[in-house]
Amino acid sequence: MAPLVPFALLLLATLTSAWKDLSDDTLKFLPNPSDADFNIYDGTLLSPILIPRVPGTLGSTQVLNHLQDYFRTQLPSWTLSTQNSSDVTPISKGKKVPFVNFMATRDPPWSRPGDVGRLVLVAHYDSKLTPKDFIGATDSAVPCAMMLHVAKSIDAALTRMWASMGVAGFDALSDDDIAKKGVMLLFLDGEEAFHNWSDSDSLYGARFFAADRSLAEVWESTYHPALSPRQNHLSSIDLFLLLDLLGSPNPRIPSYFKTTHWAYNHMAALEARMRASDLFLSHETSPGKWFYDSKGNSHGNRFMVQDDHVPFLARGVEVLHVIPTPFPGVWHTMDDDGEHLDAQTVKDWAYLVTAFTAGWLELDGYVEAPIDTAGSIVDDEAVGIGRRDFRTEL
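Computed from a predicted model, the values in this text were never measured in an experiment. In this numbering scheme, every chain counts its residues from 1 along its sequence in written order. Whole-chain, interface and lining totals are the exception, using all residues; otherwise, since this is a predicted model, local features are given only for residues with pLDDT of at least 70 and side-chain atom pairs are given and counted only at 80 or more. Water and hydrogen atoms play no part in the side-chain values, which are based on all heavy atoms of the structure.

Draft legend 1. How the structure looks around the overall build of the protein chain. What counts as a helix is a DSSP run of H or I of at least four residues, what counts as a strand is a run of E of at least two, and both are numbered from the N terminus. For the protein chain, the helix and strand inventory stands at 12 helices and 6 strands. Only protein chains enter the accessibility calculation, which uses a 1.4 Å probe; a residue whose area is less than 20% of its type maximum is buried, one above 50% is exposed, and one in between is partly exposed. Across the 394 residues that make up the protein chain, the buried fraction comes to 54%. When contacts within the protein chain are restricted to residue pairs at least 6 apart in sequence, long-range pairs at least 24 apart make up 76% of them. Contacts: residue pairs with any heavy atoms within 4.5 Å of one another.

Given below as structure tokens:
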């Protein structure tokens, strides 16, 4: 009899072998993060989030509506859901403040409950109460807008890939892992403290959901049908990719956890390829590597940043935390607004996270070449411009 292998090691082996690198063409063909989406004044994705959005206020409702309406009008194939909770805060004078988490999910069309393992992209959409009229552009309006861009960028490729797989006979019983991969975008409410950060004054959306149980605990106790490959909702998360404090120049992103260092290395390798191929815009404003290389990085549990992943990590979910250390200088100041973002860094982050998501979902070969206004495929060499210049012009 072969020696027993712990389930966690089997899962890790499955995840690390499931990744498929993107070809150079697919990497170049990924949709460009443009000013039309990320301009701080009228960008369709970012500008509506650049307002104070404290839980329970009108601004919070407006941003939640923006996130939901984007999927309803632009990405109707995604499945939308919300989860509501309420809690007393240190300043609410005994009144409960409402919190609303929002999820957008896309799974293979043949999948059944409990079949699919998901990449879950996560950011909090609330902003801090103080200082008054605080915006929180890096914290975390930009990550939320990035996630919308990712969904838009992979949507058609997912449809194309799953249609091709359906013709080839893939279904819920297929042994191939790619037939059982999905993606979720999780927008959490109430990450910020109302008074001072503590175990009871922070992470309201992730930590307090129902009957004093965290969202992770509720998902763990929400079971799929008997004999499903995934026992409960929590076990459907293959990787919890948490994005926070992004949009300032020159971020340095450590690898915080040994068990997801392999995923960290994939993102680091993508960054290196994109820089080498002149696909990054921020060469001047943010010239250094954001991710350490795989050999020089001090990964492991030396330190951990308290954030929305904590309740999930405590219940065994694999977490890749993309947050700079040290924090950007604008952190929790009035300078964390749209005017102090580095626009090129914002676009590069959106492009990089899209590339990582496309690699995770094995979309290589299913991303179509960009089409210009005349209906022709854009050929960088034919038109005599580099991809970086083309991205700038869009």
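Draft legend 2. Representation of unusual backbone geometry within the structure. Along the chain, Thr130 connects to Pro131 via a cis peptide bond; the corresponding omega equals -5 degrees. Following Asp139, the chain continues to Ser140 via a peptide bond in cis, the omega torsion being 0 degrees. Structurally, Ser140 can be placed in helix H5 (residues 137-167). The backbone phi angle of Asn250 is positive, close to 55 degrees, even though this residue is not glycine. With relative accessibility at 44%, the residue Asn250 sits in the partly exposed group.

Draft legend 3. Just the pairing of strand E3 (residues 117-124), in detail. Counting buried positions along E3 yields 8 of 8 residues, so the element is predominantly enclosed. Because side chains alternate across E3, one face comprises the buried residues Gly117, Leu119, Leu121 and Ala123, and the other comprises Arg118, Val120, Val122 and His124, equally buried. Where E3 and strand E4 (residues 181-188) come together, 8 bridges link them in parallel fashion. From the neighbouring strand, Val120 faces E4, where its bridge partner is Met184. Paired strands, as defined in this entry, are two strands with at least two bridges between them according to DSSP. Where E3 meets strand E5 (residues 237-243), 5 bridges bridge the pair, whose relative direction is parallel. Bridge pairing links Leu121 to Leu241 in E5.

Draft legend 4. A look at the layout of surface pockets. With a 1 Å grid laid over protein atoms only, a set of points is called a cavity when a 1.4 Å probe fits there but cannot get out and a pocket when it is open yet has protein on both sides within 12 Å along at least five of seven lines; lining residues have an atom within 4 Å of a point. Grid points are joined across faces, edges and corners, and a volume is the space filled by probe spheres set on the points. Its volume calculated, the second largest pocket comes out at about 380 Å³. In this structure, the second largest pocket is lined by 22 residues; those nearest its centre are Thr105, Arg118, Met184, His224 and His233. Elements with a contribution of two residues or more to the lining of the second largest pocket: strand E1 (79-88), strand E2 (96-106), E3 and helix H7 (215-220). Per element, the largest residue contribution to the lining of the second largest pocket is 3 residues, and it comes from E1. We call Asp, Glu, Lys and Arg charged. Ala, Val, Leu, Ile, Met, Phe, Trp, Tyr, Cys and Pro are nonpolar, and the rest, Gly among them, are polar. Grouping the constituent residues of the lining of the second largest pocket by class yields 8 nonpolar, 10 polar and 4 charged.

Draft legend 5. Geometry of the confidence of the model for the protein chain. Values of pLDDT, which run from 0 to 100, indicate the predictor's confidence residue by residue. This prediction gives the protein chain a mean pLDDT of 88; 85% of its residues lie at or above 70. Across residues 1-13, where pLDDT falls below 50, the model places 4 contacts with residues more than four positions away in sequence or in other chains. Note that pLDDT drops below 50 for residues 380-394; the model gives that stretch 31 contacts with residues more than four away or on any other chain.

Draft legend 6. Broad picture of helix H8 (residues 261-276). Multiplying 1.5 Å by the helix residue count minus one yields the expected span of that helix. The end-to-end C-alpha separation of H8 is 22 Å, in line with the 22 Å expected for 16 residues at 1.5 Å each. Within H8, the full set of buried residues consists of His261, Trp262, Ala263, Tyr264, His266, Met267, Ala268, Leu270, Glu271, Met274 and Arg275.

Draft legend 7. Geometry of the side chain of Glu271. When you line up the elements, Glu271 lands in helix H8. A distance of 2.8 Å separates a polar atom in the side chain of Glu271 from a polar atom in the side chain of Arg275. Here the side chain of Glu271 touches Phe291 through a polar contact of 3.0 Å, landing on its backbone nitrogen. N or O atoms within 3.5 Å of each other form a polar contact, as long as, within protein, one can give a hydrogen and the other can take it, and as long as residues adjacent in sequence are counted only when both atoms are side-chain atoms.

Draft legend 8. Expanded view of the side chain of Asp139. When you line up the elements, Asp139 lands in helix H5. Think of it this way: Lys and Arg go in the positive column, Asp and Glu in the negative one, and His and the chain ends go nowhere. Definition used for salt bridges: Asp or Glu carboxyl oxygen within 4 Å of a side-chain nitrogen of Lys or Arg. For the buried residue Asp139, which engages in no salt bridge, the nearest side chain bearing the opposite charge is Arg53, 6.9 Å off. At a separation of 3.0 Å, a polar atom in the side chain of Asp139 contacts the side chain of His124.

Draft legend 9. Geometry of the sheet that holds E2. With mixed pairing, 6 strands are arranged side by side in an open sheet as E1-E2-E4-E3-E5-E6. Looking at the sheet topology across the chains shown, the edges are occupied by E1 and strand E6 (319-322). Going across the sheet, the axis of each strand differs from the next one's by a mean of 20 degrees, ignoring polarity. Helix axes use the C-alpha atoms of the stretch in contact, all axes being lines fitted to C-alpha atoms, and the angles between their N-to-C directions lie in the range 0 to 180 degrees. Packed on one face of the sheet, helix H4 (residues 58-74) meets E1, E2 and E4 and runs near 20 degrees to E2.

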